[in-house]
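# Chain and residue survey
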Amino acid sequence: MKFNRSIVVIAAIMLVSLPAFAQTTGALTGNVTQGGSPLPGATVTISSPSMLGVRSDVTDSNGSYNFGAIPPGSYTVRIGLEGMQPVTQTVQVGLTSRARADADLKVSAITEAITVTAGAPAVLETTEVQTNFSAKLIENLPIGRTLLDTVNLAPGVTSTGVGGTTISGGYSYDSTYYVDGAVVNEVLRGQPQSLFIEDALQETTVQTGSISAEYGRFTGGVVTSISKSGGNEFTGSIRDSINNPRWTSQGVLEEPRPDAELLNVYEATVGGRIIRDRLWFFGAGRDFSRATQAFFAKTTPAETPVPYERSSEERRLEGKLTGQITSRHTLTGTYFDIKATELNRAHGTPLEASALDVSFGAPNTFYSANYSGVITNNFLLEGLYARQDFSFLGSGADAPAPPERGTNIFVGGLGAWAGFPTFCGSCSFPEERDNTNSKIKGSYFLSTSRAGSHNFTAGFENYNDYLKSDNHQSASDFTLGLYSFDLLGAAGTVPPAKRGPNGELLLSTRGSSVIIIYFPILKSSQGNDFNTQSFFINDKWDVTNRLNVNLGVRYDKNQGENQAGDPVADDSAISPRVGLTYDLTGNGRLRLNASYGRYVSKIANGNVGDSTSGAGSPSFLYWLYGGPDVTNVTSNQLLDTIFGWLRSVGYIDYRGPFFAGGGTTGISTRLENKLESPGVNEFTVGAGSQIGTNGFIRADYIDRKWDNFYTRTTSLANGTVFDPLAKRNLDLALVGNSDDFERTYRAILLQGAYRLFNRVNLGANYTYSKLEGNITGESGGGGPFVEAGPDSFREYTNFAQNNPSGLLSADQTSKARAWASIDVPTFVGLFNFSVLQRFDSGTPYSLSTFSLPTNRGACEACPANPGYVSPPRTVSYFFSKRGEFRLDDISATDVSLNYELPINRLRIFAQGELINAFNRQTATSINTTVNIVRSFAPMTGRAVECPQGLPSAQCLTMFPAPAGVTGQLGIYQKGADFGKALNATTGNVNGSFQLPRTYRFSVGLRF
């Protein structure tokens, strides 16, 4: 007994030493009546395998009761009063959801009699537009087992965002992901970190609209997951997920088939009690290693690809303790640790082995602590503290090196890299991308005879994210660009790259262009710090048995310093939230809902928060190579020759005829005003209906409009700034916020589910939406960035075709998911057959170019330079409406067969999945290159024939010219590969097509 008590004390001290709260719980409420009248004094007791102990409450004068901050799971609710027939209900409490269990007690002499009923679906009990997925459903369905695979099953979510998954039209980086109540977003790109073990996730909730004031720092959606906690009974699992590159069918481009090789991912979980009903534990692990054959880029289409080996290893660990200090106070601590390494990693497409990153590591550690306390029956207190430490080790070169042995070479035309590795994570300190968040929340349940019942919540939240990085572009801070054309644009006389007789790479400069770029980091990063402090209050108010209202408001204070230590943000915003649900029939069969909410994002890190800082970022100087030509030499020989010439003329101090320019990063960009947080206003209306006791259907309309966009403006009014590195003036750009862009999202979301005979689970959802506007605001590789506004270089961009509004690239008109999961018990075990049907409408694209020339030598109708130091050489031009064209629709049918054989307490299982069973292979991306063909036909006001026999639709005036002004007619022409999907599928990795038919298999045991 002393030993057991010691364990409890040690665990309590360990957990209490961290402040604590999180989105890890749900709530259960209800009304008890007799003959339709409120019944005070009834005892309500709840129990669940997911909860330590039991909890009890007594109904108040309105017959109301409430249990807050309870773990999600299946609950037995027993409601009784002396002299009454007790009622027992089985209710599913969802993560971040409020379930309901009402009862009407009847007088009975046989008080032992029990009536078993089921509660209404929680999705109808809330104003939030949300979808909940249990681990059991995800386990049976034929989908990937990552968090994003689960999220993409929900309505209102698309995987077509510029940087990944988007929710309700938001940016890819601007949704918030929680695991065990703590934020797991990656700092720069905002997508969730894969820290957890898939078999350890218990439940996931996706909120797409009408979101409570408890949540902030987003303009997309909120995803909340919780890991398993153990229990009074010992449970666990061992799984081997098996794949093989040959189990993916050949793609339509008939790419070479990979070698057959079994690839294993091992997972194990175990959970149980240390002390029954007092202290539980849960642990999990995952191990993955893979060696694959890759190929260097080809120097000619006919060349036989040269192979090389690359490998990766990943180990994940998870530990969790859940304990009670007393029956009213619960503590939970979670720890995740991931070690990921790669050998021969490629940054871009490599041409030779010396360009590979020999060794790369990405350790990631996450821990959180949660507290939940029942202070009184009506007052609850919760808390959280969490931290994530994520870093890059050895990204790129392993040590600084001189230019002759540390420079990477980009070979234009091939789009591939030679020489030495890109980047250098060992030239200063490891890159860090960390975050911390803490939260404390109180909940109070108040029931009055006249004003109904109130569930008040109020709290404070503190969130920080942190980036520290010196972005070295190579071990020498130099990069070479080798292009297959001369300075006048004519083709080079010798191909810039070819293979020697032994497969070695040989480079040439004869008749080509060589650009030498120096990327010095003039000021090392001090690390930035972006902080959001928030206060919120929310009231879930049951006005009557029919009318429920959600009232909330959130206050966010955003502050930030860039990597130079300069303050760049000091902003505050108030976000009201209001929603209501009305039970039209009074029996729960038809509920109507409506809401208004404003959501405010945090200040985006990276390219936004550091847009005015040069700390940690490379400045640049570049020269055209003016030395002797070399032909068919190795990379080392080429570097010796080129840097021998640069050293002979003065090295980095050379400013002679071959000096081409440069600039100090951050010096020509300043804040107009300190950055403010972007926001979005949202309206929703909807209706939902319960179908029997086992199903529901719900429809919601969401209307969103964004504002306060990040903007960069360069104008003559800004003036210039002197750059001491380039030794010249530069045009000054101002960064701030603006409402001059447009971004709107309108969607209808339908979802429903039904459980038939307790063996058949049916579910479906459909989204019809439009995402329109004229701002992208993020890139696939770099995350959020500051967009050039309509007043930037206005003399060159003030025409309708420059940046019109229309359908954005992330738009997806229709998305549908439908599934069926059927359990078939037999004398030889339990079989489960599941099928998932997917449909995604094609994404939009435009006929456009980003390289329309603006100089008067190429465009006589273009304006003369009004005084800029460096006017834009090209601008964007849309020849069609934005998003006028679409890719083909994508559909696929996925099936899985699950088998489980019980042997005493053990259950052996096997799962086979067939993804895209009918092997549909529709293009998901195509080439949309548009080239400008110059012509010197004058503008005379009459119809002009297009030269080169091009159709008249391809003629355009590059810029509108004033009446009577003679100018040049521009001609556009689709690129040679326009409309083609060019990238093949490799193994089970998508190229420019949907994944072909793929088979997956897993086997293991559970206990």
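Everything quoted here is computed from the prediction, not taken from an experiment. (Residues numbered from 1 in each chain as written. Predicted model: local features only at pLDDT ≥ 70, side-chain atom pairs only at ≥ 80, totals over all residues. Heavy atoms only, no water.)

### A few points about the overall build of the protein chain
- Helix and strand counts for the protein chain stand at five helices and 64 strands.
- The C-alpha atoms of the protein chain give a radius of gyration of 31 Å, which matches the 30 Å a tight globule of 1007 residues would have.
- Seen along its three principal axes, the alpha-carbon backbone of the protein chain occupies a region of about 105 × 65 × 55 Å.
- A buried classification covers 55% of the 1007 residues belonging to the protein chain. (Helix = DSSP H or I, 4+ residues; strand = E, 2+ residues; numbered from the N terminus. Rg over C-alpha atoms; globule rule 2.2 N^0.38 Å. Buried < 20%, exposed > 50% of the residue type's maximum accessible area, 1.4 Å probe, protein only.)

### Thoughts on the packing of aromatic side chains
- What the rule picks out here adds up to 29 aromatic pairs.
- An aromatic cluster is built from F478, Y518, F643 and Y651, whose rings are joined through pairwise contacts.
- Between the NZ or CZ atom of R647 and the centre of the ring of Y651, over which it lies, the distance is 4.6 Å. (Phe/Tyr/Trp six-rings, centres within 6.5 Å; stacked < 30°, edge-to-face > 60°. Lys NZ or Arg CZ within 6 Å of the ring centre and 35° of its normal.)

### Details of the nonpolar core
- Residues L675 and Y710 are the most contacted members of the largest nonpolar core, which totals 33 residues.
- At the level of elements, β36 (567–583), β42 (695–707), β43 (709–714) and β47 (743–756) are the ones that each hand at least two residues to this core.
- When residues in this core are grouped by element, the largest group, three residues, is from β47.
- Membership of the second largest hydrophobic core comes to 30 residues, among which are F420, Y518, L621 and I642. (Core = buried A, V, L, I, M, F, W, Y, C linked by side-chain atoms within 4.5 Å.)

### Examining the pattern of salt bridges
- Under the definition given, this model contains 44 salt bridges.
- Note that R100 is salt-bridged to D542, the shortest N-O span being 3.7 Å. With a gap of 442 residues between them, R100 in strand β8 (residues 98–100) and D542 in strand β34 (residues 529–542) connect regions that are remote in the sequence.
- For R1006, the salt bridge is made with E139, and the minimal N-O distance between the two is 3.0 Å. A residue pair is termed long-range when its members are at least 10 positions apart, and R1006 in strand β64 (residues 998–1006) and E139 in helix α2 (residues 135–140) qualify at 867 residues.
- Within the structure, one salt-bridge network assembled from shared partners comprises K136, E139, E900, R907 and R1006. (Salt bridge = Lys/Arg side-chain N within 4 Å of Asp/Glu carboxyl O.)

### Comments concerning the sheet that holds strand β11 (residues 129–134)
- Judged by pairing direction, the sheet is mixed, and its five strands sit side by side in the order β11-β16-β17-β14-β15 without closing on themselves. At either end of the open sheet lies a strand with only one pairing partner, and these are β11 and β15 (182–183).
- Bridging between strand β16 (residues 201–209) and strand β17 (residues 222–227) involves six bridges; their strand directions are antiparallel. Paired with E203 across the bridge in β17 is I226. (Pairing = 2+ DSSP bridges.)

### Observations regarding the sheet that holds strand β51 (residues 787–788)
- Pairing is mixed across the open sheet formed by four strands, whose spatial order is β40-β46-β43-β51. Every interior strand has two partners, whereas the edge strands, β40 (669–671) and β51, have only one.
- The pairing of β40 with strand β46 (residues 733–738) spans three bridges and is classified as parallel. Counted as the bridge partner of T669 is A733 from β46.

### Considering the confidence of the model for the protein chain
- On average, residues of the protein chain carry a pLDDT of 87, and 90% of them reach 70 or more.
- Predicted confidence is poor over residues 935–944, with pLDDT under 50, and the contacts of this stretch with residues over four places away or in other chains come to 21 contacts. (pLDDT = per-residue confidence, 0-100. Contact = heavy atoms within 4.5 Å.)

### Concerning the pairing of strand β14 (residues 176–179)
- Here β14 shows two buried faces, one formed by T176 and Y178 and the other by Y177 and V179.
- With four bridges joining them, β14 and β17 adopt parallel strand pairing. Along β17, the bridge assignment pairs T176 with V222.
- Across two bridges, β14 lies against β15 in antiparallel orientation. When the sheet's bridge partners are listed, V179 is paired in β15 with A182.

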